Structures are given as C-alpha cells and as structure tokens.
Amino acid sequence: MNKKDKILIIGAGLCGSLLALRLAQRGYKVEVYESRPDLRKVDISAGRSINLALSDRGLKALRLCGMEEKTRKICIPMYGRLIHDKEGNTFSSNYSGRENEYINSISRGDLNAILLDEAEKHENVNIHFNKKCKKVEIEKNIAHFKDYETKEEFPVIADVIFGADGAGSSLRKSYISERKFLFSYSQNYLNHGYKELEIPANKQGNHQISKDHLHIWPRGDFMLIALPNMDGSFTVTLFLSYDEGKYNFENLTSEEKITEFFEKEFPDALSLIPNIKEEFINNPTGALGTVKCSPWYYQNKTLLIGDAAHAIVPFYGQGMNASFEDVFVLDEILCHFEPFDKLKTGSSREIFDWKTVFKAYQKARKKDTDAIADLAIDNFHEMKDHVANPLFKEKRKIEMDLEKHFPMQYFSKYSLVTFKENMGYKKAMDRGRAQDKALLNLISGDDISTSLDMTKEELEIVLKKVIKETNEILKEDKIAGL
Ligand SMILES: Cc1cc2nc3c(=O)[nH]c(=O)nc-3n(C[C@H](O)[C@H](O)[C@H](O)COP(=O)(O)OP(=O)(O)OC[C@H]3O[C@@H](n4cnc5c(N)ncnc54)[C@H](O)[C@@H]3O)c2cc1C
Ligand SMILES: NC(=O)C1=CN([C@@H]2O[C@H](COP(=O)(O)OP(=O)(O)OC[C@H]3O[C@@H](n4cnc5c(N)ncnc54)[C@H](OP(=O)(O)O)[C@@H]3O)[C@@H](O)[C@H]2O)C=CC1
Ligand SMILES: Nc1ccccc1C(=O)C[C@H](N)C(=O)O
C-alpha cells in the first residue's frame, strides 16, 4: 500500500463519488470513470429512483467525509409511515418511539451532485464522464473503456481498481468471464418490477399530502409508496408483479385498464396524479433483484464495492446506506493498517498490501451485507401486506411505547437496522428477529392485555419478559447453529 498507488474507480454514482472523496482525503490519487454524462449538466434521472431514504448509517459515512451538514440541508425528515386504505382512510405509525429518530427523503441527483462537487474540488481526484467500462483484465490491472462521445475505445492501467459501478457491474462481469479464480455469484430477480409516477406540488408550490411521512398504499400483493421532494412534489412508486394477479405490468397496457386499476385500488392517489396515463405508459418499468457474490476482491488488484458487490431490493431503504457504510468500514480497515506501513524503516518494502486490506474488509463486511439483503426482502412483505394487519399494528404500538418509556433499553428491529449505526446489520437482524418472535409470543398468549394503554409499570414487566425471551431465543438459535 502506497500513497503513490494509482487508483481507478469505475462508476461515479453514490458509492463511487463518496469513495473517491474519502480516498483522496486519505492522500491517494484517484481517477474516476463514469459511463453517464455529468448529471450536474444533463438530466439523466430517467430510469432510476428519483429520491431515496437516507438514514443513520449513510449519514455516519457522510459525516466521516465532512458531508453531513451539506447533505442535511437537502433532506426532508420522514417521522413515520402514513398508511392509506382503499376507502381513503389513513393511519400513521412512527418509525421510532424516540423523538430524534427519523429517516430522510433526499433527491438522488442532488446528493450525487454535492458528492461529485466535493470530490472534484479535491486536488487528488479527476472525474471522466461518458466513459463506459467494457471489461477489466484483472490479472494485468487494465480496464477497457469506450467513450460515448468519440466512440473511441481506450485502456486505463492502474495499481488498484475499485468497481463501484452498480448492480450491473462490469468488474463483476469480468470476474466471471476471466475465470481467474473461484468466484461464487447469485442473482435473484423478484417477480415484481417498479414504475415511478409523480404527485405534483399544488398551485402554491406546497405538498398536497403530509411531507413528514413515507406514504404507503398496501394492497397485499402489490403496493404504492410516495416520498416527498423539496419542490413540493412526491415521487410515487408502484411495485407490482410483471405477470401475476388480476392487474400486472404485462396486462396494464391500455389507458382504460390503467385508470380502472387506479380507480379500484388507489382512488385517493389517482386524484393526485394528473398525468397518470402518460407517465404510466412512458416511464420505464425497472427490475428488482438481489446480487450476492464472493470474493469481492482479486489479489491486491481489484475490489467490488456498493451495489456492485451486493445489490439488494429497495424495501428497507438501505441500499445506498449500506453502500455508504461500505466506505466507512473500508476506511476503518485502512486506519488499522496504514500506521504500520508508516512505521517501516529503511527498506522500500511495504508491510501490508491491498490484499490484506481487501481480505480484512470482506471479513468484516460480508455477513452484514448478506443480512440487509435478507431483511430487505422481509420488509417487502411487511410493507405491502403486514402493515395493515391488526396484530402487526398492535405489536408496533407496544414497541413505540417501549421505546418511548425505555429509550436506552428497547430498540425494535426497525430501529436496530435503521438507527443503531454502530451495530452491524447481522447483529441487528438476529436480535431484531428474536425480539419480534418474543413479542408476538407474548401478544398471542395471555401474557399481555393489548386492548388498553399500558402504564409504565405494566410496560416494564413486558420489557423484562421480552428481553428474557429474546435472550433465550438467541441462545437456542446459537446452540442450533443458526
Ligand atoms: C427503486 C429503488 C429505490 C431505492 N431506494 C433506496 C432508498 O430509499 N434508500 C437507500 O439507501 N437505497 C435505495 N436504493 C438503492 C440505491 O439506489 C443503491 O443501493 C445505490 O444507488 C448504490 O450505489 P452505487 O454507487 O453502488 O450504485 P449506483 O448508484 O447504481 O452507481 C453506479 C454508477 O456506476 C455507473 N456505471 C455503471 N456501469 C458502468 C460502467 N460499465 N462503466 C462506468 N460507469 C458505470 C452508473 O452510471 C452509476 O453512476 C433504491 C434502489 C432502487 C432501484
Ligand atoms: N438492486 C436492485 O434491484 C437494483 C436495480 N436496478 C435496476 O437496474 C436497471 C438498470 O440500472 P442502471 O444503473 O440505470 O443501468 P445502466 O447504467 O447500465 O444504463 C442503462 C442504459 O443506459 C445507457 N447509457 C449509459 N450511459 C450512457 C451514455 N453516457 N450515453 C448514452 N447511453 C448511455 C446504456 O447503453 P449501452 O448498454 O448501449 O452502453 C444502457 O442501455 C434499472 O431498471 C434499475 O432500476 C438498479 C440498481 C439496483
Ligand atoms: N425508500 C424506500 C424505497 C422503496 C421501498 C421502501 C423504501 C423505504 O424507505 C421503506 C421504509 N424504510 C419503511 O420501512 O417504511
């Protein structure tokens, strides 16, 4: 590892631009190649999610790079879910019983732009747009690019190559095609795709529905969600099967059928989306899937990071957060190894190489990205279906009360995953799932009366029972080797 190493990052998306900034701050020289045009100059939003939910893990990595304050200025806090039923009734459910815990709606383009600005300001960073990586010769450390403007193809040689090129990573594809090592890989598509629509601002430029919530229209097998934008509009996303159920993407092909579907399933939303037919027909239908692979690195030469290493379905709102957290974890590993390298005396031989760093990074990180991939699938079922279930609502109410009265002792699964930024996703998943099981056992047995509001004393009894049973479940799972 040497600060003179030439580092190449493929992809200047959310992860690539933050990684470039952080490596530059650590003193490395970084060249970034991005296939798309510069999003600060050209609108390239079509086909990707327009806004995202940013939460504590992402903010932790942004803070590390000095970007938290700038980011918060373009965030809209969402304190909970607002659930819409078919009759137009709504009910809300907070994300946490603690007041300072919420998630944030943020524009992908605006966030990417401030990261690019900051990275480009750094003397150690050069960003090249409209250059698509076609393949990487991993043994020789050569990435081959095509320039979209000149149509020319050219190679770039580097000491270390990072693949931050998203779910369809060219570096990952090269791991498969080059067959230089045993590379395990899985890709699982959902039968659901997504389509983005818009609720515009009202005439005064204000939001037409609460901007303090993430809106959900759960309908069992499919759902609609909406996240607020700074200009008073909402980005609405329909998650629907491609080919199953009465209504699906394959059969919603005529204006009449689209209107019929929305009139029947989402009448209140329909009245807020004036251009429904045009948008439904013209906006692309995006695919959703999970990618898991291993190893993420090849020798001391290349590393996959962000979605390139672990694409997940969007339902926990954690893909970007996990990709930002990758940068944080990699930085911690570099902090651990670099001081030893500085201690070397006389000889120019390095004590640690990038392979040591990459290996330690994957060891620290892989279990957590596997966990959030599985949690994201769970949250799909929770959002489209369980949120409307009375037992689920009861459980959430007790959890909110526990968090409110015992803020230091109780953290629901949602809070562990979303707000406990120093606990890995795997630990959050194991504890959260055991806790859910314990709480549901208590509710479905006669242990707690859920019909009335509980006093603090009654809640304390519940807390003790839940903690005891959670620990027993965790112990049993450990013995069973789960
Ligand atoms: C519908 C939807 C909603 C989502 N909502 C959320 C959310 O609310 N919260 C959240 O945390 N996450 C969310 N995500 C996930 C989030 O979008 C990703 O996890 C995040 O964008 C990953 O960042 P990345 O930089 O690794 O990949 P990307 O953001 O995809 O960036 C990859 C970059 O590499 C470039 N590139 C690709 N191929 C090449 C190539 N061959 N050569 C050069 N450049 C290349 C791309 O143009 C792009 O700029 C959502 C995802 C989807 C699909
Ligand atoms: N976990 C998940 O479920 C995720 C799913 N996705 C989904 O994956 C799909 C693809 O993602 P996305 O990252 O947008 O795909 P790409 O970035 O791969 O781009 C898609 C298209 O844009 C073209 N293109 C890219 N750059 C340029 C340029 N500078 N000039 C002209 N054309 C260009 C490419 O053309 P060409 O091939 O000819 O070069 C390609 O046809 C989407 O449906 C998205 O929703 C994305 C992320 C995560
Ligand atoms: N951003 C998203 C995009 C798509 C689907 C869900 C989200 C969420 O953020 C869900 C939120 N975490 C929730 O549990 O209510």
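Residues numbered from 1 in each chain as written. Chains lettered and ligands numbered in written order. Predicted model: local features only at pLDDT ≥ 70, side-chain atom pairs only at ≥ 80, totals over all residues. Heavy atoms only, no water.

Per an unreviewed UniProt entry, the protein chain goes by Kynurenine 3-monooxygenase and derives from Polaribacter batillariae. The record in UniProt for the protein chain states the following under Catalytic activity (unreviewed entry): "L-kynurenine + NADPH + O2 + H(+) = 3-hydroxy-L-kynurenine + NADP(+) + H2O". (UniProt positions renumbered as here; feature names shortened; annotations may be inferred.)

**Looking at the site of ligand 3**
Looking at ligand 3, there are 13 residues lining it, with Arg81, Tyr95, Tyr316, Asn379 and Tyr414 nearest. Within the side chain of tyrosine 95, one N or O atom sits 2.7 Å away from an oxygen atom of ligand 3. The separation between a nitrogen atom of ligand 3 and a polar side-chain atom of tyrosine 414 is 2.6 Å. Against a free-state accessible area of 370 Å², the protein chains account for coverage of 93% of ligand 3. When the residues that make up the shell around ligand 3 are grouped by side-chain class, the tally is 10 nonpolar, two polar and one charged. (Near = heavy atom within 4 Å. Polar contact = N/O pair within 3.5 Å; in protein donor to acceptor, adjacent residues only side chain to side chain. Areas by Shrake-Rupley, 256 points an atom, 1.4 Å probe, with all protein chains shown as cover. Nonpolar A, V, L, I, M, F, W, Y, C, P; charged D, E, K, R; others polar.)

**So, helix α2 (residues 56-64)**
Burial runs high along α2: seven of the nine residues are buried. Listed as buried for α2 are Asp56, Arg57, Gly58, Leu59, Lys60, Ala61 and Leu62. Just beyond α2, the residue with positive phi is glycine 66, at close to 75 degrees. (Buried < 20%, exposed > 50% of the residue type's maximum accessible area, 1.4 Å probe, protein only. Helix = DSSP H or I, 4+ residues; strand = E, 2+ residues; numbered from the N terminus.)

**Overview of the site of ligand 1**
The immediate surroundings of ligand 1 are formed by 31 residues, with Cys15, Glu34, Ala53, Arg108 and Asp307 found nearest. Between ligand 1 and glycine 317 there is a distance of 3.2 Å, counted from an oxygen atom to a backbone nitrogen or oxygen. A distance of 3.2 Å separates an oxygen atom of ligand 1 from a polar atom in the backbone of glycine 319. At the level of elements, α1 (14-25), β3 (51-54), β9 (131-137) and α10 (319-343) are the ones that each hand at least two residues to the shell around ligand 1. Of the residues that constitute the shell around ligand 1, the class distribution is 11 nonpolar, 12 polar and eight charged.

**Quick word on the sheet that holds strand β7 (residues 103-107)**
Strand pairing in a sheet takes place through backbone hydrogen bonds and is either antiparallel or parallel in direction. Pairing is antiparallel across the open sheet formed by three strands, whose spatial order is β3-β7-β4. In this open sheet, the two strands that pair with only one neighbour each are β3 and β4 (76-78). Looking at each pair of strands side by side, their axes are set apart by 35 degrees on average, direction ignored. Looking at chain direction, β4 and β7 are connected through three bridges and run antiparallel. Residue pairing in the sheet places proline 77 in a bridge with asparagine 104 of β7. (Pairing = 2+ DSSP bridges. Axes fitted to C-alpha atoms, helices over the stretch in contact; angles between N-to-C directions.)

**Examining a negative patch on the surface**
A grouping of Asp221, Asp243, Glu244, Glu250 and Asp385 is seen on the molecular surface, where their side chains present a negatively charged patch. Since its relative accessible area comes to 39%, aspartate 385 is described here as partly exposed. (Patch = residues over 30% accessible without salt bridge, like charges linked within 9 Å, V, L, I, M, F, W, Y side chains within 5 Å. Salt bridge = Lys/Arg side-chain N within 4 Å of Asp/Glu carboxyl O. Lys, Arg positive; Asp, Glu negative; His and termini not counted. Charge placed at Lys NZ, Arg CZ, Asp CG, Glu CD.)

**Observations concerning the packing of aromatic side chains**
Under the definition given, this model contains 30 aromatic pairs. Aromatic side chains tryptophan 296 and tyrosine 361 sit 5.8 Å apart centroid to centroid with 45 degrees between the ring planes, which places their arrangement in the tilted category. Of this pair, tryptophan 296 sits in the loop between β17 (286-294) and β18 (297-298) while tyrosine 361 sits in helix α11 (residues 354-384), and the two are 65 residues apart along the sequence. For the pair formed by tryptophan 296 and tyrosine 361, the shared burial category is buried. Directly above the ring of phenylalanine 411 sits lysine 420, whose terminal nitrogen or CZ lies 4.4 Å from the centroid. (Phe/Tyr/Trp six-rings, centres within 6.5 Å; stacked < 30°, edge-to-face > 60°. Lys NZ or Arg CZ within 6 Å of the ring centre and 35° of its normal.)

**Points about the environment of lysine 292**
Tracing the chain through its elements places lysine 292 in strand β17. A relative accessible area of 23% means that lysine 292 is categorised as partly exposed. Considered as a pair, lysine 292 and histidine 310 are 18 residues apart in the sequence and their alpha carbons are 5.3 Å apart. For lysine 292, the residues in contact, after removing those within four places along its chain, are Ser184, Tyr185, Ser186, Lys366, Asp370, Ala373 and Asp374. Polar side-chain contacts of lysine 292 include one of 3.0 Å to the side chain of aspartate 374. (Contact = heavy atoms within 4.5 Å.)

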